[in-house]
Amino acid sequence: MLQYPESPSTVPADITVQNVLKGTGYWRLVWSRLRRQPVSLVATVILLAIVFVAVFAPWLTPHNPYTTSSLNRLLPVGSEGHILGTDENGRDMVSRLMYGARLTLLAGVLPIVVGIVIGGTLGVLAGYSGGWVNTLIMRITDVFYAFPPVLLAIAITGTLGTGMGNMLIALSITFTPPLIRIAETVTTQVRTQDYVEAARISGADTASIMRHHIMNNVMGPILVYATSLISISIILAAGLSFLGLGVSAPLAEWGLMLNGLRQVVWIDPLLAAIPGVMIFITSMSFNLLSDGLRQAMDVRL
Amino acid sequence: MIAFAIRRILYAIPILIGVSLFVFILIRLVPGDVVDILIPPEAPRRVAEDLRARFGLDQPVYIQYFTWLQRILMGDFGISAFNNRPVALDLFVSLGNTALIAVPAAIIGFTLGSILGTLAAFFRGSWLDTIFSSIAIAGVSLPHYWVGIVLVAIFSAGYNLLPAQGMAPGGFPTTWQQVTHLILPVATLSLIPMGVISRLVRANVLEILSQEFVPALHGKGLLNRGVLVHIIHNAAPPALALMGLQLGYLLGGSILVEAVFNWPGSGTLMQLAIFRRDIPVLSATILVLAAIFVLLNILVDIMQAYIDPRMRR
């Protein structure tokens, strides 16, 4: 079932190399490596295209995504004026998919951003302080690991009540623990490196050690890991809307569209499958991008 | 070994307490309580207060927690707020139904994933590797509930070969007719474990292949088949452990697939409870599924330590 990507607790970044010397050149290096991987490049282009469509949806859509038409219900793919047909209420599929990209991306990406901010902070705090602070934060994280992610997300939205807001809260809580873990693992490893010790002896204060050594080392693994988390978050967010726990009708969201077209498989299977294809392409692109980043940054998760 | 097992079990106790606290806090966060659901809003305040006292809701929160926990530990999960039936009864039946699709799915996913992963590693860099690795990455990026719908479109709507929904009456499947209802949900569920396990197995087998004992075995004159036995021996423990976890994920996360196939399992029970605002059923299901997941984790750890003594630390 949907789950956090492969174990974040094992050896992450190559922390024996001093990232502080790489400076801005490091990201240029990552980009130049990424550029040479055709698969990652394609994934990046697809994602940029989806983001572009999502941002400029109001100017790009051929029809209003909410205009229903009982005369034009379930027009097949390739109909005149409706390239991808119309849904069960006669609304244009292309327009709804374009608007759907907005909510699906938002519901997939925002929880991970929240997770990076909260999880990253708590993880670095736990790893850097050690002692009881570490024990406290990590044992509480363990409790959240006692839930399969799908169960955790559904437990929270289910009890708090359905809706977009509660879904975002639930997904943020679901995806924070793995980010805490990975930040903690890397920080603990970096903290004990000789160059950190050397920096401290030569008079660097905690803030600059944090900025130059900890942050520079933590960001790589977190970014790689977070990218693969987004692919799961998108599937899960669309899944929650599919169950009726997230975004509610008549808003356009891929999971919700899939739910609306469920019974249509008996009439026009191709039409019913389209929203799922979009979820798949988006999720897959994030996964491939994550794999590419992992290689480009030489992060071993 | 026994010391390890005991330590592992003891370590799970604070986790389980944490889980129960989390579920309890979740219930407390719900707007309104049982009494608000049971009586109309225009009922006199005295009636509401009497009822609250009867449910123990007038007690301090920590006492409420302990009474709640005590009841659950004694197997009393309360009464459904929707149909007045004991929660434990429905929960037990639906958990069995979920296991009916989750266990075969885990086994199929494990078998297929191991085969794909091993082959991909052996033929590293060839077109076979590319295909198998693509299948694996698709397995983890596919929205599985959508795959379920696609399977229904092909096998039920398209060729009318398999039933699209529900479970055949009669409990544990014995006849072919009953088994046909299992095929599509099990196939859908097995997708993710297949992808995850084949990715792990591929990485592990590649690592084992790069170790020195492999050319050494070849050098001693062992044939490929003989070397394969050694490799499987080394690759099996982590893959088995992952399968145990996968089973936990399938049991706890089958709700989306159950929704597609109207399968009367624990996920469907949860979904119904959510829409009926049936908090006793919802909280009990969450709690039991999480507890099962924790126990499976312990079992996996102990099993792994049994196979591989290096794990007993």
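## Here we look at the overall build of chain B
Secondary structure summary: chain B contains 13 helices and zero strands in total. Listing the helices and strands of chain B from first to last along the sequence gives α-α-α-α-α-α-α-α-α-α-α-α-α. In terms of principal-axis extent, the alpha carbons of chain B reach across some 85 × 55 × 35 Å. Looking at chain B residue by residue over its 313 residues, the buried ones come to 37%. When contacts within chain B are restricted to residue pairs at least 6 apart in sequence, long-range pairs at least 24 apart make up 74% of them.

## Focus on the overall build of chain A
Within chain A one finds eleven helices and zero strands. Walking chain A from its N terminus toward its C terminus, one meets helices and strands in the order α-α-α-α-α-α-α-α-α-α-α. By its C-alpha atoms, chain A is 75 × 45 × 30 Å across when sized along the principal axes. Counting across all 301 residues of chain A, residues that qualify as buried make up 49%. Considering only residue pairs separated by 6 or more positions, chain A has 74% of its internal contacts joining residues 24 or more positions apart.

## A closer look at the interface of chain A and chain B
Note on interface size: it is often stated as the accessible area lost on association of the parts. Each partner contributes residues to the interface: chain A has 38 residues there, and chain B has 43 residues. For the side of chain A that touches chain B, the secondary-structure elements that each account for two or more residues are α5 (131–145), α6 (149–160), α9 (206–243) and α11 (269–297) of chain A. Among the elements that make up the side of chain A that touches chain B, the one with the highest residue count is α11(A) (nine residues). Residues that form the side of chain A that touches chain B fall into these classes: 26 nonpolar, eight polar and four charged.

## A short note on unusual backbone geometry
Residue and element names in this part refer to chain B. For N262, which is not a glycine, the phi torsion comes out positive at approximately 50°. Along the chain, N262 falls in the loop between α11 (255–261) and α12 (266–276). Of note, the phi angle at R277 is positive, near 55°, even though the residue is not glycine. Locating R277 in the fold gives a position in the loop between α12 and α13 (279–307).

## What about the packing of α5(A) against helix α1 (residues 2–29) of chain B?
In a pair of packed helices, the angle between the axes and the distance between the axes together describe the arrangement. At a minimum axis separation of 9 Å, α5(A) and α1(B) run at an interaxial angle of 70°. As summarised for this structure, α5(A) and α1(B) are arranged roughly perpendicular, according to the angle between their axes. Across the interface between the two elements, A:R139, A:D142 and A:V143 of α5(A) pack against B:P14, B:I15, B:G18, B:V19 and B:F22 of α1(B). Classifying every residue of the contact of α5(A) with α1(B) by side-chain character gives five nonpolar, one polar and two charged.

## Some words on the environment of B:I274
Inspection of the secondary structure assignment puts B:I274 in helix α12. Taking the number of C-beta atoms within 10 Å as the measure of exposure, B:I274 has 23 and is therefore buried. Setting aside anything within four residues of it in sequence, one finds B:I274 in contact with A:G158, A:L245 and B:L282.

## What to know about the environment of A:S241
As for its position among the elements, A:S241 is in helix α9. The exposure class of A:S241 is buried, given the 28 C-beta atoms found within 10 Å.

## Some points on the nonpolar core
Counting residues in hydrophobic clusters, the biggest one holds 150 residues, and the most contacted among them are A:L151, A:A153, A:I222, B:I197, B:L256 and B:A290. Looking at which element gives the most residues to this core, the answer is α9(A), with 19 residues.

## Thoughts on the confidence of the model for chain A
Of the residues in chain A, 92% reach a pLDDT of 70 or more, and the chain-wide mean stands at 84. A low-confidence stretch, residues 7–12 of chain A stays under pLDDT 50, and its non-local contacts, those more than four residues away or across chains, total 17 contacts.

## Quick word on the packing of helix α5 (residues 87–122) of chain B against helix α6 (residues 127–141) of chain B
Residues and elements named next belong to chain B. It is the contact of α5 with α6, at a shortest axis distance of 8 Å, that shows an interaxial angle of 145°. Our pair here, α5 against α6, has a crossing hand that is left-handed. When α5 is examined against α6, the residues L116, L119 and A120 are found in contact with a partner set consisting of L128, D129, F132, S133, I135 and A136. For the contact of α5 with α6, the per-class residue count stands at seven nonpolar, one polar and one charged.

## Quick word on the confidence of the model for chain B
Per-chain confidence: chain B averages 84 in pLDDT, with 97% of residues scoring 70 or above. Interface confidence for the predicted complex, given as ipTM, is 0.86, next to a pTM of 0.86.

## Comments concerning α6(B)
For α6(B), built from 15 residues, the straight-helix expectation of 21 Å at 1.5 Å per residue is met to within 8% by its first-to-last C-alpha distance of 21 Å. Looking at the buried positions of α6(B), the neighbouring elements they touch are α9 and α11 of chain A together with α5 and α8 (176–209) of chain B.

## Notes on the environment of A:P178
Note that A:P178 resides in helix α7 (residues 164–191). A:P178 gets classed as buried once you count the C-beta atoms within 10 Å, which come to 27.

Conventions adopted
- Residues take numbers from 1 onward in each chain, read along the sequence in its written order.
- A letter from A marks each chain and a number from 1 marks each ligand, given out in the order of writing.
- Local features in this predicted model are restricted to residues of pLDDT 70 or higher, and side-chain atom pairs are both shown and tallied only at a pLDDT of 80 or more, whereas totals for entire chains, interfaces and linings draw on every residue.
- In this text, helices come from DSSP runs of H or I with a minimum length of four residues, and strands from runs of E with a minimum of two, each type numbered from the N-terminal end.
- The burial criterion counts other C-beta atoms lying within 10 Å of a residue's C-beta, which is placed from the backbone; the residue is buried at 20 or more, exposed at 12 or fewer, and partly exposed between these limits.
- Two residues qualify as a contact pair if the distance between their C-beta atoms, derived from the backbone, is within 7 Å.
- Three categories are distinguished: nonpolar for Ala, Val, Leu, Ile, Met, Phe, Trp, Tyr, Cys and Pro, charged for Asp, Glu, Lys and Arg, and polar for the others, with Gly belonging to the last.
- Here the axes come from fitting lines to C-alpha atoms, over the contacting stretch only for helices, and the angles between their N-to-C directions go from 0 to 180 degrees.
- Convention used here: angles under 35 degrees read as roughly parallel, angles over 145 as roughly antiparallel, angles from 65 to 115 as roughly perpendicular, and any remaining angle as oblique.
- Linking buried Ala, Val, Leu, Ile, Met, Phe, Trp, Tyr and Cys residues through C-beta atoms within 7 Å yields a set, and such a set is a nonpolar core.
- Per residue, pLDDT captures the predictor's confidence, and it can take any value from 0 to 100.
- What makes a crossing left-handed is the near helix being turned counterclockwise from the far one by less than a right angle; a clockwise turn instead makes it right-handed.
- To estimate the expected span of a helix, count its residues, drop one, and scale the result by 1.5 Å.

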